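# Residue-level structural notes
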Amino acid sequence: DVKVTQSSRYLVKRTGEKVFLECVQDMDHENMFWYRQDPGLGLRLIYFSYDVKMKEKGDIPEGYSVSREKKERFSLILESASTNQTSMYLCASSFFGHVYGYTFGSGTRLTVV
Amino acid sequence: TQLLEQSPQFLSIQEGENLTVYCNSSSVFSSLQWYRQEPGEGPVLLVTVVTGGEVKKLKRLTFQFGDARKDSSLHITAAQPGDTGLYLCAGARGQGGKLIFGQGTELSVKP
């Protein structure tokens, strides 16, 4: 069964900590995405990547960075966690092209205290 | 700026009723997708529509893409409690596959 795996379902971190969220896909997808989901705001794109070593900013990149050293892995990094980064983080992957749907991971619920 | 507006945001209906969810934008999209999300899980793709005016059916769900590729609708016939969930529309900009999501419609179907 094809899937996208996020390393943690729940995380609690302290303000100022550096946080790593890992995402791995087994479908040989070119595209990988990181979104955050907040009530009433839908999914907002943080960063995306169309290829290994490639990354582009989404709509809300401030406070985040990403790394894609291998095709199957896309990491989201919170350089110095803040309380306003408390959210559900969703990783997704797809083939390159606008007709292809995303496969999402189950999400990581991050709480920054 | 919300490029995709979904309405209604919340919908609570009885089993057996029909409903329509709307997804509207002033922008043209290369394609549009609908997802369904259950609590604690990631969204799951329901359908992709590509051509203006396209209609796709998935059992009791009917999806339509507007002629100008700026809007879409999801119609559910004879809703069942298993249809309960968050429905998200998402429009593709450009050719690569980046999606812009609407804020979602929370559907509750009561037995």
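Going by the structure above, here's the rest.
Since this is a predicted model, take the numbers as computed values, not measurements. (Residues numbered from 1 in each chain as written. Chains lettered and ligands numbered in written order. Predicted model: local features only at pLDDT ≥ 70, side-chain atom pairs only at ≥ 80, totals over all residues. Heavy atoms only, no water.)

At the junction of the two partners, chain A supplies 25 residues and chain B supplies 27 residues. Here chain A meets chain B over a buried area of about 1800 Å², counting both sides, of which 53% is carbon and sulfur. Among the salt bridges present, the one from E41 of chain B reaches R9 of chain A, with a minimum N-O distance of 3.9 Å. Looking at the side of chain A that touches chain B, the elements with two or more residues in it are β5 (31-38) and β6 (42-49) of chain A. (Contact = heavy atoms within 4.5 Å. Buried area = accessible area lost by both parts, 1.4 Å probe. Salt bridge = Lys/Arg side-chain N within 4 Å of Asp/Glu carboxyl O. Helix = DSSP H or I, 4+ residues; strand = E, 2+ residues; numbered from the N terminus.)

A word on the state of the cysteines. Residue and element names in this part refer to chain B. According to the stated counting rule, one finds 2 disulfides over all chains in the structure shown. Paired by a disulfide, C23 and C89 hold their sulfur atoms 2.0 Å apart. Across the S-S bond of C23 and C89 the torsion is about 75 degrees, and the bridge reads as right-handed. Here C89 lies in strand β9 (residues 85-92) and C23 lies in strand β3 (residues 19-24), a separation of 66 residues in the sequence. Owing to a relative accessible area of 0%, C23 belongs among the buried residues under this scheme. Judged by relative accessible area, C89 falls into the buried class, the value being 0%. (Disulfide = S-S within 2.5 Å. Buried < 20%, exposed > 50% of the residue type's maximum accessible area, 1.4 Å probe, protein only.)

Take the pattern of salt bridges next. Tallied over the entire structure, the rule returns 10 salt bridges over all chains. By sharing partners, the salt bridges in this structure join R36, D38 and R44 of chain A into a single network.

Let us look at the packing of aromatic side chains. The relative placement of two aromatic rings is captured by the distance of their centres and the angle of their planes. A complete count under the given rule lists 16 aromatic pairs over all chains for this structure. With 6.1 Å between their ring centres and 50 degrees between their planes, Y35 of chain A and Y102 of chain A make a pair best called tilted. Of this pair, Y35 of chain A sits in strand β5 while Y102 of chain A is found in the loop between β10 (87-94) and β11 (103-104), placing the two residues 67 residues apart along the sequence. Its relative accessible area of 0% is what places Y35 of chain A among the buried residues. Each member of the aromatic cluster is reached from another via a ring pair, and the members are F33, Y35, F48, Y50, F96, Y102 and F104 of chain A together with Y35 and F101 of chain B. (Phe/Tyr/Trp six-rings, centres within 6.5 Å; stacked < 30°, edge-to-face > 60°.)

Residue and element names in this part refer to chain B. The strand order β1-β3-β8-β7-β6 describes an open sheet built from 5 strands, whose pairing is antiparallel. Bordering the open sheet on either side are β1 (5-7) and β6 (55-58), each of which pairs with just one other strand. Averaged over all neighbouring strand pairs, the angle between strand axes comes to 15 degrees, with direction disregarded. (Pairing = 2+ DSSP bridges. Axes fitted to C-alpha atoms, helices over the stretch in contact; angles between N-to-C directions.)

Everything listed is a geometric property; what it means functionally is a separate question.
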